[in-house]
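Working through the structure, step by step
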Amino acid sequence: MVKYATIAITNKCNSRCTMCNIWKTGITKTEISADEFGELFKHEYFKQLFDISISGGEPVLRKDVVDVVKNIIDNLPSLKHLWVNSNGTFPKRVLELLQSVYGKIENEYLCLSIEGRPEDMRKVRGINCYDSVITTAKLVRQNLPLINLVFSTTITPYNSEIANLEHVAKLAKEFGCSYTFRFANNNDDFYHNSEVNLRIPDEDVKKIMNFSQKYKAEDKFIVAQYKFFSTGEIDVMDNCLAGSEFVFVRPDGTITPCINSGRVITKPKIITDLGTKEKCPCCTECCFYPMLNNRQSKQM
């Protein structure tokens, strides 16, 4: 039985991101209904899920997003952590979704994408959305104080100046929330972006890594990125747990080991040897934290 799942509930996305082509291609050709999501998560395979991440596309573009999320979480008796990921372009819809689940799960999070200063964010996201993200954060802070708010930055060639990370760090302090960042990567199973040049100037990478050591030295995900750029290795990736500890659920209900693998898992088959079968380029939160938590639990 899996413990973690990232669930992309829709292909729809109103962003026009430079590092991602989901808005052009979708992740799947179809999307299952709210009732079908409910039926899927009734499966015994998911009975020990205690951490899920609702994603897309942009999840609140689904008109039935409240029903979809309700049907999922109502079938997960072990659920302790609920993450909602959003680009923040529909503040009232995000608020409505979070209000529908507020207080039902022990730990509830909203992760908002914010790529730095307004103009740099427009270059990355392809739309003017900085103000709406700030509005979303304010609405949640004012109305739902128990929601754990997180700002997340994807670093691309368009926002790799260190001033953008400094800007997000300042915003996070003002809102009393946490923040994280990672480098964009090429991935045709999820982002469909193999032709996109995502190379960051070496000087910018150096500054970002110095920033991470100075301001995020205790964040194990950020530390892992620092080690990766220093050594080319991610120590927790030696025995990848994708397909056994965690999975990725696509909008059509297809299950794959993670966003970086297109290999379909036929329920209730569990993949335990992803690392020996295909190259894993992953350094993303949805894969790193489950493996980190697994390693820590075994060390206790």
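Values in this document were obtained by computation on a predicted structure and should not be read as measured data.

Let's shift gears to the packing of helix 8 (residues 202-215) against helix 9 (residues 220-231). Where helix 8 contacts helix 9, the two axes come as close as 10 Å, and the packing angle between them is 140°. By the angle between their axes, helix 8 is oblique relative to helix 9. As helix 8 packs across helix 9, the resulting crossing turns out to be left-handed. Contacts from Val205, Met209, Ser212 and Gln213 in helix 8 reach Ile222, Gln225, Tyr226 and Phe229 in helix 9. Tallied by class, the residues present in the contact of helix 8 with helix 9 amount to five nonpolar, three polar and no charged.

Turning our attention to the pairing of strand 5 (residues 148-155). By the criterion of burial, strand 5 is predominantly enclosed, with seven of the eight residues buried. Taken together, the five bridges between strand 4 (residues 107-113) and strand 5 define a ladder with parallel strand orientation. Across the sheet, residue Leu110 finds its bridge partner in strand 5, namely Leu149. Judged from the six bridges that link them, strand 5 and strand 6 (residues 178-183) form a sheet pairing that is parallel. Within strand 6, the position partnered with Ile155 by the bridge is Phe183. Following the backbone out of strand 5, through helix 7 (residues 162-175) and into the adjacent parallel strand 6, one traces a crossover that is right-handed.

In total, this model carries nine aromatic pairs according to the counting rule given. With a centroid separation of 5.0 Å and 55° between ring planes, the pair formed by Tyr4 and Phe50 is classed as tilted. Taken together, the residues Tyr4 in strand 1 (residues 4-8) and Phe50 in the loop between helix 2 (34-40) and strand 2 (51-55) connect sequence positions 46 residues apart. For Tyr4, a relative accessible area of 8% gives the class buried. Clustering of aromatic rings is evident, with ring pairs tying together Phe41, Tyr45 and Phe46. Geometry around Tyr179 places Lys216 over its ring, the cationic atom sitting 4.1 Å from the centre.

Looking now at helix 8. Every α-helical turn comprises 3.6 residues, leaving residues that sit three or four positions apart pointing alike. Across its 14 residues, helix 8 extends 20 Å between first and last C-alpha, which sits within 8% of the 20 Å expected from 1.5 Å per residue. Taken together, the buried positions of helix 8 are Asp204, Val205, Ile208, Met209, Phe211 and Ser212. Seen from one end, helix 8 has its buried residues packed into an arc of 155°, which puts them on one side. Structural note: helix 8 exposes Asp202, Lys206 and Lys214 on the side pointing more than 90 degrees away from its buried face.

Now for unusual backbone geometry. In terms of backbone geometry, most residues other than glycine have negative phi values and most peptide bonds are trans. For the peptide bond that leads from Gly56 to Gly57, omega is 25°, which places it in the cis range. With respect to the helices and strands, the residue Gly57 is situated in the loop between strand 2 and helix 3 (65-73).

This next bit is on the sheet that holds strand 7 (residues 246-249). Read from one edge to the other, the open sheet built from eight strands follows the order 6-5-4-3-2-1-7-8, with strand pairing classed as mixed. Every interior strand has two partners, whereas the edge strands, strand 6 and strand 8 (255-256), have only one. With two bridges connecting them, strand 7 and strand 8 associate as antiparallel partners. Across the sheet, Phe248 pairs through a bridge with Thr256, a residue of strand 8. Sitting on the sheet, helix 6 (residues 130-143) touches strand 4 and strand 5, and the angle it makes with strand 4 is about 160°. Running over the sheet, helix 7 touches strand 5 and strand 6 and is turned about 175° from strand 5.

Quick notes on the rules
Residues numbered from 1 in each chain as written. Predicted model: local features only at pLDDT ≥ 70, side-chain atom pairs only at ≥ 80, totals over all residues. Heavy atoms only, no water. Axes fitted to C-alpha atoms, helices over the stretch in contact; angles between N-to-C directions. Helix = DSSP H or I, 4+ residues; strand = E, 2+ residues; numbered from the N terminus. Parallel < 35°, antiparallel > 145°, perpendicular 65-115°, else oblique. Left-handed = near helix turned anticlockwise from the far one by under 90°. Contact = heavy atoms within 4.5 Å. Nonpolar A, V, L, I, M, F, W, Y, C, P; charged D, E, K, R; others polar. Buried < 20%, exposed > 50% of the residue type's maximum accessible area, 1.4 Å probe, protein only. Pairing = 2+ DSSP bridges. Right-handed = clockwise from strand over helix to strand, strands pointing away. Phe/Tyr/Trp six-rings, centres within 6.5 Å; stacked < 30°, edge-to-face > 60°. Lys NZ or Arg CZ within 6 Å of the ring centre and 35° of its normal. Expected span 1.5 Å × (residues − 1). Arc of directions from axis to C-beta.

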